[in-house]
Amino acid sequence: MNKIQYYTIAICMLMNILDGIDVLIISYSAPDIVSNLNINSKELGVVFSGGLLGMALGALFLAPFADIIGRKKIIIISALIMGFSIIGTAFIENIIQLGIIRVISGIGIGSMLATTATLISECVPKKSKDFWVSFVLSGYPIGAVISGYIATIIIPTSGWRILFLIAGFTTILTIPIIYIFLNESVDFYLKRQPAGALDKINNILSKMNLDKIKELPKIKIDNKNEQLVFKLFSDRYKLSTIYLWASFFFSFGCLYFLISWIPKLSTDAGLSIKLAIYAGTIFNVGAFFGIISQGYCSSKIGLKKTISFFFFITFILMSTFNIFIGTDLIFIIFLLLGFSLQGGFVGLYAIAARLYSIEIKSTGIGWAIGIGRFGAIAGPLIGGYLVFMNFNISTNFLFFSITPLLSALLTYLIPSKEIS
């Protein structure tokens, strides 16, 4: 490891923190937005879904361009989309404008998550790859916690529009940092070999105090970019892709069910509104430590075993949740749920990063996340239907406990030899 790699890790970590802020900022601003724009909760739910739809579109259709024009360029484009759309949110006047701009910001957020995971997987040593991918993605729950803290300070004194302006301009200010300090993936230049690739590679190698290369390796370059998605279903990847997509779908569904409904279900279980919000924060604090722990364990005992174990622990916690309702242990359970579920969930990014070869890595990660996002849309909707049907909190948790169990099984069965 050298300073160039640490710069890459730090910048990608920062961008994922901003991702977490930009996603959750709408949730913390929701009460003021509803009041200010005179919209109802049902309309706001459509806005939330619009953001998730945008993330799916970004992962499916923008992130794959990183396999064509480069990882660094897509990270800059994603940051521009995020920054200007978040700033634009401060100037919206009605629900239609809010819905459209949340879809746009979601495109940048979804693409950023996939592309940073790709870049990190290509710039760190193979032995510690699983840890560093998970470490960088742990920035997302950090951003979620930071956004809640900032919101409690800014909104009461300055209003929700100022909060969006601060978040947006902060994202824009990172673009010069990305441009100056972030290097493109050497692996991308070697495999894609765009114009000037040799000089660009040697420039990066010189910064890393490594010997320069005299010529590019002779490889067969496939310029048929439209076929990148279809390569995910070649004989080499087909079964692994199906299992990975399904695991992402079920874990996304469980995760966003909990993120969306923990405060509401907590109040139903007898907690005050303040404690219910605190439960959501505890969930994200657990997520950070779970993601770091998962990354470390994966590098020691293997990805599939570690992630399957984390998902299985989530199944146990959710299926026995009714035992802890009304006790002081309920916050510990929320902490452990964040630890196990998000730890296992982020591990799926590391699996995708190991599974696919350089020329289709961003496409593979992006499509896995994009398909999973439909689970993120389905989870809260199904949870809302169960709440509408007057199912209590323990029944909701018991129903959704099936999803991490399925993710554990599907992850363990991924047949690729590239994944330990």
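Rules of the game
Residues numbered from 1 in each chain as written. Predicted model: local features only at pLDDT ≥ 70, side-chain atom pairs only at ≥ 80, totals over all residues. Heavy atoms only, no water. Helix = DSSP H or I, 4+ residues; strand = E, 2+ residues; numbered from the N terminus. Rg over C-alpha atoms; globule rule 2.2 N^0.38 Å. Buried < 20%, exposed > 50% of the residue type's maximum accessible area, 1.4 Å probe, protein only. Contact = heavy atoms within 4.5 Å. Areas by Shrake-Rupley, 256 points an atom, 1.4 Å probe, with all protein chains shown as cover. Phe/Tyr/Trp six-rings, centres within 6.5 Å; stacked < 30°, edge-to-face > 60°. Lys NZ or Arg CZ within 6 Å of the ring centre and 35° of its normal. Axes fitted to C-alpha atoms, helices over the stretch in contact; angles between N-to-C directions. Parallel < 35°, antiparallel > 145°, perpendicular 65-115°, else oblique. Left-handed = near helix turned anticlockwise from the far one by under 90°. Nonpolar A, V, L, I, M, F, W, Y, C, P; charged D, E, K, R; others polar. Salt bridge = Lys/Arg side-chain N within 4 Å of Asp/Glu carboxyl O. Polar contact = N/O pair within 3.5 Å; in protein donor to acceptor, adjacent residues only side chain to side chain. Expected span 1.5 Å × (residues − 1). Disulfide = S-S within 2.5 Å. Patch = residues over 30% accessible without salt bridge, like charges linked within 9 Å, V, L, I, M, F, W, Y side chains within 5 Å.

Draft legend 1. Region of interest: the overall build of the protein. The helix and strand tally for the protein stands at 18 helices and 0 strands. Radius of gyration (C-alpha) of the protein: 21 Å, near the 22 Å computed for a compact globule of 420 residues. Expressed as lengths along the three principal axes of its C-alpha atoms, the size of the protein is roughly 70 × 45 × 35 Å. Across the 420 residues in the protein, those meeting the buried criterion constitute 56%. A separation of at least 24 residues holds for 82% of the contacts in the protein among residues at least 6 apart in sequence. Element-wise, carbon and sulfur atoms account for 69% of the exposed surface of the protein, whose accessible area totals about 17900 Å².

Draft legend 2. Here's a closer look at the packing of aromatic side chains. Counting across every chain of the model gives 26 aromatic pairs. Their ring planes at 90° and their centres at 5.8 Å tell us that Trp 160 and Phe 164 sit as a pair that is edge-to-face. Here Trp 160 and its partner Phe 164 are both found in helix H8 (residues 160-181), 4 residues apart, which amounts to about one turn of the helix. When sorted by exposure, Trp 160 lands in the same class as Phe 164, which is buried. Ring pairs connect the aromatic residues Phe 257, Phe 321, Phe 334, Phe 397, Phe 399 and Phe 400, which therefore count as one cluster. The ring of Tyr 179 has Lys 72 lying over it, and the distance from NZ or CZ to the ring centre is 5.2 Å.

Draft legend 3. Geometry of the packing of helix H1 (residues 3-37) against H8. Relative to each other, H1 and H8 sit at 165°, their axes nearing to 9 Å. Between H1 and H8, the crossing angle belongs to the class labelled roughly antiparallel. For the element pair H1 and H8, the recorded crossing hand is left-handed. Its residues placed into classes, the contact of H1 with H8 shows 17 nonpolar, 5 polar and 3 charged.

Draft legend 4. Examining the pattern of salt bridges more closely. For the coordinates displayed, the defined rule picks out 3 salt bridges. A salt bridge links Arg 71 to Asp 67, with the shortest nitrogen-to-oxygen separation between them at 2.8 Å. Taking the relative accessible area as the measure of exposure, Arg 71 reaches 0% and is therefore buried. Linking Glu 122 and Arg 71 is a salt bridge whose minimum nitrogen-to-oxygen distance equals 2.5 Å. Of the two residues, Glu 122 is situated in helix H5 (residues 95-123) and Arg 71 in helix H4 (residues 71-89); the sequence distance between them amounts to 51 residues. For Glu 122, a relative accessible area of 9% puts it in the buried group.

Draft legend 5. A look at the environment of Ile 213. Its place among the elements puts Ile 213 in the loop between helix H10 (197-207) and helix H11 (228-231). The class for Ile 213 is partly exposed, based on a relative accessible area of 29%. Taking the C-alpha atoms as reference points, Ile 213 and Ile 201, 12 residues apart in sequence, are found 8.1 Å from one another.

Draft legend 6. Structural detail: the side chain of Ser 340. Residue position: Ser 340 is located in helix H15 (residues 330-355). Among the polar contacts made by the side chain of Ser 340, one reaches the side chain of Thr 314 at a distance of 2.8 Å. Apart from the residues lying within four places of it in its own chain, the contact partners of Ser 340 are Phe 310, Ile 313, Thr 314 and Leu 317.

Draft legend 7. Inspection of unusual backbone geometry at higher detail. Of note, Gln 193 is a non-glycine position whose phi angle comes to about 50°, a positive value. The residue Gln 193 is located in the loop between helix H9 (186-192) and H10 in this model. The phi angle at Asn 209 is positive, at roughly 60°, despite the residue not being glycine. For Asn 209, the location among the structural elements is in the loop between H10 and H11.

Draft legend 8. Layout of the environment of Ile 313. By secondary structure assignment, the location of Ile 313 is in helix H14 (residues 303-319). Of the residues examined, Ile 313 reaches a relative accessible area of 30% and is grouped as partly exposed. The spacing of Ile 313 and Ala 408 is 95 residues in sequence and 9.5 Å in space, taken between C-alpha atoms.

Draft legend 9. View of the packing of H4 against H5. Axis separation between H4 and H5 bottoms out at 8 Å; the angle between their running directions is 155°. When the interaxial angle is binned, H4 and H5 end up roughly antiparallel. Both H4 and H5 take part in a crossing whose hand is left-handed.

Draft legend 10. The arrangement of H15 in detail. Spanning 26 residues, H15 covers 37 Å between terminal C-alpha atoms, matching the ideal 38 Å at 1.5 Å per step. Extensive coverage of H15 is indicated by the burial of 22 of its 26 residues.

Draft legend 11. Region of interest: the state of the cysteines. Within this structure, the stated rule accounts for 0 disulfides. Between Cys 12, a cysteine without a disulfide, and Cys 123, which holds the nearest cysteine sulfur, the sulfur-to-sulfur distance is 6.9 Å.

Draft legend 12. Quick look at a nonpolar patch on the surface. On the surface, Tyr 7, Leu 14, Ile 177, Tyr 179, Ile 180 and Phe 181 cluster together to form a nonpolar patch covering roughly 590 Å² of accessible area. Put simply, the parts of the chain that give the nonpolar patch at least two residues each are H1 and H8. No other element matches H8, which puts 4 residues into the nonpolar patch. Position of Tyr 179 among the secondary structure elements: in helix H8.

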